[in-house]
Amino acid sequence: MQPARRRGLAEEAADRIRDEILSGRFAPGSALREVELAGSLQVSRGSVREGLAILEREGLVHSEWHRGTRIIELSETDITEVYEVRAALDRLATLTAAKRGRAGQFDELDRLVAAMDREARGPADGDRLVALDIEFHDCVYAMAGNGRLTSAWEAVRSQVHMFQAHRVRLSHEHYRTRVVDEHRELATLLRARRVEGLGDLAEEHVRSASRGLIESLRELHH
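This section reports on the structure supplied with the text. Note that the coordinates shown come from a computational prediction; the quantities given were computed from them, not determined experimentally. (Residues numbered from 1 in each chain as written. Predicted model: local features only at pLDDT ≥ 70, side-chain atom pairs only at ≥ 80, totals over all residues. Heavy atoms only, no water.)

Some thoughts on the nonpolar core
For step 1, the next point in the chain: Residues Ile17, Ile21, Phe136 and Phe163 are the most contacted members of the largest nonpolar core, which totals 67 residues.
For step 2, the next point in the chain: In terms of residue count, the dominant contributor to this core is helix H6 (residues 126-144) (10 residues). (Core = buried A, V, L, I, M, F, W, Y, C linked by side-chain atoms within 4.5 Å. Buried < 20%, exposed > 50% of the residue type's maximum accessible area, 1.4 Å probe, protein only. Helix = DSSP H or I, 4+ residues; strand = E, 2+ residues; numbered from the N terminus.)

Observations regarding the pairing of strand E2 (residues 61-64)
For step 1, the next point in the chain: Note that E2 and strand E3 (residues 68-71) share four bridges and pair antiparallel. Bridge assignment links valine 61 to a residue of E3, and that residue is isoleucine 71.
For step 2, the next point in the chain: A loop of three residues connects E2 with E3, the two strands running antiparallel in sequence, and histidine 66 in this loop sits at a positive phi of about 70°. (Pairing = 2+ DSSP bridges.)

Here's the deal with the pattern of salt bridges
In a structure, side chains of opposite charge can pair up when their charged atoms sit close to one another.
For step 1, the next point in the chain: In the structure shown here, the tally under the stated rule is 24 salt bridges.
For step 2, the next point in the chain: Across the pair glutamate 203 and arginine 91 runs a salt bridge, and its minimum N-O distance is 2.5 Å. Taken together, the residues span a long stretch of sequence, with glutamate 203 in helix H9 (residues 198-220) and arginine 91 in helix H4 (residues 76-100) at a distance of 112 residues.
For step 3, the next point in the chain: Using a relative accessible area of 18% as the deciding quantity, one classes glutamate 203 as buried.
For step 4, the next point in the chain: The partly exposed category is assigned to arginine 91, whose relative accessible area is 27%.
For step 5, the next point in the chain: Of the charged contacts, one joins glutamate 173 and arginine 176 as a salt bridge, the two residues approaching to 3.2 Å between their closest N and O atoms. Here glutamate 173 and its partner arginine 176 are both found in helix H8 (residues 172-191), three residues apart, which amounts to about one turn of the helix.
For step 6, the next point in the chain: Accessibility expressed as a relative area gives 44% for glutamate 173, which makes it partly exposed.
For step 7, the next point in the chain: Here the salt bridges do not stand alone but share partners, grouping Arg91, Asp200, Glu203 and Arg207 into one network. (Salt bridge = Lys/Arg side-chain N within 4 Å of Asp/Glu carboxyl O.)

Let's talk about H6
For the α-helix, the turn length of 3.6 residues means that residues three or four positions removed from each other point alike.
For step 1, the next point in the chain: For H6, with 19 residues, the first-to-last C-alpha span of 28 Å sits near the 27 Å given by 1.5 Å per residue.
For step 2, the next point in the chain: Of the residues flanking the end of H6, it is glycine 145, one or two places downstream, whose phi is positive at about 65°. (Expected span 1.5 Å × (residues − 1).)

With respect to the environment of arginine 102
For step 1, the next point in the chain: Along the polypeptide, arginine 102 turns up in the loop between H4 and helix H5 (103-121).
For step 2, the next point in the chain: When the C-alpha positions of arginine 102 and arginine 191 are compared, they lie 9.0 Å apart, and in sequence the two are 89 residues distant.

As for the sheet that holds E3
In any sheet, the strands associate via hydrogen bonds between backbone groups, in a parallel or an antiparallel arrangement.
For step 1, the next point in the chain: One open sheet accounts for three strands, arranged E1-E3-E2; its pairing is antiparallel. The strands lining the two open edges of the sheet, one partner per strand, are strand E1 (31-32) and E2.
For step 2, the next point in the chain: Together, E1, E2 and E3 form the strand contacts of helix H3 (residues 45-57), whose direction differs from that of E2 by roughly 115°. (Contact = heavy atoms within 4.5 Å. Axes fitted to C-alpha atoms, helices over the stretch in contact; angles between N-to-C directions.)

Here's the deal with the pairing of E3
For step 1, the next point in the chain: Sheet topology places E1 next to E3; two bridges connect them, and they run antiparallel. Bridged to alanine 31 within E3 is arginine 70.

A closer look at the packing of helix H7 (residues 147-170) against H9
For step 1, the next point in the chain: Contact geometry for H7 and H9: axes closest at 9 Å, N-to-C directions at 55°. Here H7 is positioned oblique relative to H9, judged by the angle of their axes. Note on packing geometry: the crossing formed by H7 with H9 is left-handed. The segment H7 lies against H9, with Phe163, Gln164, His166, Arg167 and Leu170 engaging Ala209, Leu213, Ser216, Leu217 and Leu220.
For step 2, the next point in the chain: Of the residues contributing to the contact of H7 with H9, the split by class is six nonpolar, three polar and one charged. (Parallel < 35°, antiparallel > 145°, perpendicular 65-115°, else oblique. Left-handed = near helix turned anticlockwise from the far one by under 90°. Nonpolar A, V, L, I, M, F, W, Y, C, P; charged D, E, K, R; others polar.)

Points about unusual backbone geometry
For step 1, the next point in the chain: Backbone geometry at glutamine 42 places phi at a positive 60°, although glycine is not the residue there.
For step 2, the next point in the chain: Structurally, glutamine 42 can be placed in the loop between helix H2 (34-41) and H3.
For step 3, the next point in the chain: Take glutamine 42: its relative accessible area is 51%, and that puts it in the exposed class.
For step 4, the next point in the chain: Backbone geometry at arginine 193 places phi at a positive 55°, although glycine is not the residue there.
For step 5, the next point in the chain: Relative to the elements of secondary structure, arginine 193 occurs in the loop between H8 and H9.
For step 6, the next point in the chain: You can call arginine 193 partly exposed: its relative accessible area is 40%.

What follows is the structure in structure tokens.
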């Protein structure tokens, strides 16, 4: 891990630890020890503790009295719960974005789809594809223009990012063959402000991701 820059040390510690979790270098369910993290980041244990508190609010880690802090598990229950919440949020965000989106925002969605397409046609870096996927949905929530809806998305965003990253690692080709077409269809309907069927499409996009990850997990464990 790279030493923390002197920005806001708790926030910087959270960023560094989050990066390790999303990259898979810190495995789901593994323990996070303040002393070791403080040494790696070259910050105080207090800064690490505050950073872990940030990640706990994001749902990436959980702390228990006398048991310390652990990264969330990659379990079917966790996956199902997170994606069910996301499906409901994405339906509302997408329908609202279709009504409120501005021309420049639709252009940004098209730019992100084009970037996904280039990435998928090349070496297809999985982490880069997932980052573009998350950025696409960040843009949809921004288009919706509902601050409380965006806050609800941000409460599960890091968990979604972690699960999507593991989905790619477990089944890279399955994800790569779907990610461009699914997002292009969403972008096209959003630009056309086609509300009919759009909510169902947004929800199925999420449920498909959930099913794909759960199936990959089952294959891994058999």
